Amino acid sequence: MGNLFFKLIFGILCFGMFVNNILAKDNIKEIQQLLKDRTSLDFKVISNSKDSLKGISFVVVESPSGERLGLLASQNGDYIVPISDGISANNSNNSLKLAIENVNQYNKNNKDTKVIELFKKYEEFILKIPSSNKTKNTTYMILDTTCPYCLQEVSMLDQYLKDSNLEILIVGILGQKAHNRAAGYYQELQGTKTREQKINLLKKVFKRDYSPTITNEAIATKMSEASLEAGVQGVPYIIKK
């Protein structure tokens, strides 16, 4: 959600006095127009719930890209705050928590769909490792070889492969070193055929001292850009099907 969220923080919080009458009247068209004036994006109000939140209006808007965002507004509309997540003090499922989770799950489902389409589109550049046991389950991963959290996932490779096939897309989005390593990986990927070769290559490129001299920068750039276009702004990104 990154860019959209921060754009709204700076674009929306500057106009509290302008929304005073708008939200109080629940004028959806005016809300949408005001959001467009402040962000240059055509948002669509999906819902505007006031009754269940005790003096707070929780508004859900949708951008042209299909991404949704929750906004908190005071009862009289003189203060509005974009929100993407929160921390629960207990396990209760209050209305606000459920509403935010709903928005986030909607966005996650949309992003997952785009990522799966990305894997299908660039199938030739995906590292596919079959499970050690027959299964219809597949785990999709987008990883960067310089990311410590991605390394943790690779260290659990055997666990994943017990009950799931793996499909892995390597990107280099965490700096020049990450890009160079991804480029080297794609050069070496062309020579991997067997399951053992694929596993060995994956472990090799995640070693700290991996510093390839033969690179395939065009593919590395294309895969990084494609993943960002699909909405992946952080790694590891994992989908289990």
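The structure contained in this document is the topic of the report that follows.

Backbone torsion omega between Val-235 and Pro-236 reads 0°, so that peptide bond is classified as cis. As for its position among the elements, Pro-236 is in the loop between helix 9 (217–229) and strand 8 (237–240). Here Ser-40, not a glycine, exhibits a phi torsion of approximately 65°, which is positive. For Ser-40, the location among the structural elements is in the loop between helix 3 (28–39) and strand 1 (44–49). With a relative accessible area of 63%, Ser-40 lands in the exposed category.

For the rest of this paragraph, the subject is the side chain of His-179. Topologically, His-179 is positioned in helix 7 (residues 176–189). Those residues in contact with His-179 that lie beyond four places of it in its chain are Gly-172, Glu-217, Ala-220 and Thr-221.

With respect to the helices, strands and loops of the structure, Tyr-237 is situated in strand 8. Accessibility expressed as a relative area gives 9% for Tyr-237, which makes it buried. Sequence separation between Tyr-237 and Tyr-140 is 97 residues; the distance between their C-alpha atoms is 8.1 Å. With residues near it in sequence (within four places) discarded, Tyr-237 still touches Lys-108, Lys-111, Asp-112, Val-115, Tyr-140, Met-141, Ile-142 and Val-232. There is a polar contact of 2.6 Å between the side chain of Tyr-237 and the side chain of Asp-112.

So, on to the packing of helix 7 against helix 8 (residues 195–205). Across the interface, helix 7 lies against helix 8 with an axial gap of 11 Å and an inter-helix angle of 165°. Put simply, helix 7 runs roughly antiparallel to helix 8. Judged by the twist between their axes, the crossing of helix 7 over helix 8 is right-handed. On helix 8, the residues that touch Arg-181, Tyr-185, Glu-188 and Leu-189 of helix 7 are Leu-201, Lys-204 and Val-205. A class-by-class count of the residues in the contact of helix 7 with helix 8 yields four nonpolar, no polar and three charged.

This paragraph deals with the side chain of Glu-62. By secondary structure assignment, the location of Glu-62 is in strand 2 (residues 56–62). With a relative accessible area of 16%, Glu-62 lands in the buried category. In terms of polar contacts, Glu-62 uses its side chain to reach the side chain of Arg-68, at 2.7 Å. One polar contact links Glu-62 to Tyr-106, side chain to side chain, over a distance of 3.5 Å. Once residues lying within four places of it in the same chain are set aside, the contact partners of Glu-62 are Asp-42, Phe-43, Lys-44, Ile-46, Glu-67, Arg-68 and Tyr-106.

In terms of burial, strand 7 (residues 165–171) is a largely internal element, six of the seven residues being buried. Here strand 5 (residues 127–129) pairs with strand 7 via three bridges, running antiparallel. Across the sheet, residue Leu-127 finds its bridge partner in strand 7, namely Ile-168. Bridge analysis of strand 6 (residues 138–144) against strand 7 gives seven bridges, and the strand direction is parallel. Its bridge partner lying in strand 7, Thr-138 is registered against Asn-165.

Thresholds, definitions, all that
- Residues numbered from 1 in each chain as written.
- Predicted model: local features only at pLDDT ≥ 70, side-chain atom pairs only at ≥ 80, totals over all residues.
- Heavy atoms only, no water.
- Helix = DSSP H or I, 4+ residues; strand = E, 2+ residues; numbered from the N terminus.
- Buried < 20%, exposed > 50% of the residue type's maximum accessible area, 1.4 Å probe, protein only.
- Contact = heavy atoms within 4.5 Å.
- Polar contact = N/O pair within 3.5 Å; in protein donor to acceptor, adjacent residues only side chain to side chain.
- Axes fitted to C-alpha atoms, helices over the stretch in contact; angles between N-to-C directions.
- Parallel < 35°, antiparallel > 145°, perpendicular 65-115°, else oblique.
- Left-handed = near helix turned anticlockwise from the far one by under 90°.
- Nonpolar A, V, L, I, M, F, W, Y, C, P; charged D, E, K, R; others polar.
- Pairing = 2+ DSSP bridges.

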